[in-house]
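Given next are the chains, with one letter for each unit.
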Amino acid sequence: QVRFVESGGGLAQPGGSLRLSCAASGSIFRIPAMGWYRRAPGNERELVAASTSGGSTNYADSVKGRFTISRDNFKNTVYLQMNSLKPEDTAVYYCNTIGATVSWGQGTQVTVSS
């Protein structure tokens with residue numbers, strides 16, 4: 001059973017950076033596509049970045065050019081590098097498979113405020 005634990009969130013100022021990590025309790029080698037999702041206060045959960053084992057990445061328009069997703073299958077970890085943060089990036093961030101086939105973890109809170 002694969003479970004995800006997100007970490008790395010915190011408080012950042014606008015224009016700042018954070019690096020989120022998603023540690024899997026089991027192997028993610030067999031998972032072809034992983035993603036980072038976020039849920040802002042009062043909003044639905046949305047997919048912001050996706051990475052496939054084939055090397056393809058996709059980003060929501062709201063984060064494209066600022067966020068970078070990467071996956072290390074050997075470390076069973078998915079990362080989200082977040083640069084040029086904006087207040088609207090404030091949300092709880094989650095990782096999961098594309099299609100959300102694994103139970104949601106607790107997520108990690110990202111707050112962008114001056």
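Remember, it's a predicted structure, so these values are computed and weren't measured experimentally.

Asker: Whenever I open this one, the nonpolar core confuses me. Can you help?
Answerer: Soluble globular proteins tend to bury their nonpolar side chains together. One finds Phe-4, Trp-36, Leu-80, Met-82 and Tyr-93 to be the most contacted residues of the largest nonpolar core, which totals 28 residues. Breaking this core down by element, the ones donating at least two residues are strand E3 (18–24), strand E4 (33–39), strand E5 (46–52), strand E7 (67–72), strand E8 (77–82), strand E9 (91–97) and strand E10 (108–112). Tallying contributions element by element places E3 first for this core, with four residues.

Asker: What is the right way to look at unusual backbone geometry in this model?
Answerer: Trans peptide bonds make up most of the peptide bonds, and negative phi angles are found at most residues other than glycine. Positive phi values are uncommon outside glycine, yet Asn-76 reaches one of about 50°. In this structure, Ala-100 takes a positive phi of about 50° despite not being glycine.

Asker: Whenever I open this one, the pairing of strand E1 (residues 4–7) confuses me. Can you help?
Answerer: On any regular strand, side chains alternate: one points to one face of the sheet, the next to the other face. Along E1, the buried face is formed by Phe-4 and Glu-6; none of Val-5 and Ser-7, which line the opposite face, is buried. As judged from the four bridges shared by E1 and E3, these two strands associate in the antiparallel manner. Following the sheet pairing, Val-5 is matched in E3 by Ala-23.

Asker: It is not clear to me how the state of the cysteines should be interpreted in this structure. Could you clarify?
Answerer: Here, the word disulfide means a covalent bond between the sulfur atoms of two cysteines. Overall, the coordinates contain one disulfide when judged by the stated rule. One disulfide bridge connects Cys-22 with Cys-95, the sulfur atoms lying 1.7 Å from each other. Here the S-S torsion is close to 60°, and the disulfide linking Cys-22 with Cys-95 is therefore right-handed. In this pair, Cys-22 is assigned in strand E3 and Cys-95 in strand E9, connecting sequence segments 73 residues apart. Since its relative accessible area comes to 0%, Cys-95 is described here as buried.

Reading guide: rules and limits
Residues numbered from 1 in each chain as written. Predicted model: local features only at pLDDT ≥ 70, side-chain atom pairs only at ≥ 80, totals over all residues. Heavy atoms only, no water. Core = buried A, V, L, I, M, F, W, Y, C linked by side-chain atoms within 4.5 Å. Buried < 20%, exposed > 50% of the residue type's maximum accessible area, 1.4 Å probe, protein only. Helix = DSSP H or I, 4+ residues; strand = E, 2+ residues; numbered from the N terminus. Pairing = 2+ DSSP bridges. Disulfide = S-S within 2.5 Å.

Interpretation in functional terms is not warranted from these geometric data alone.
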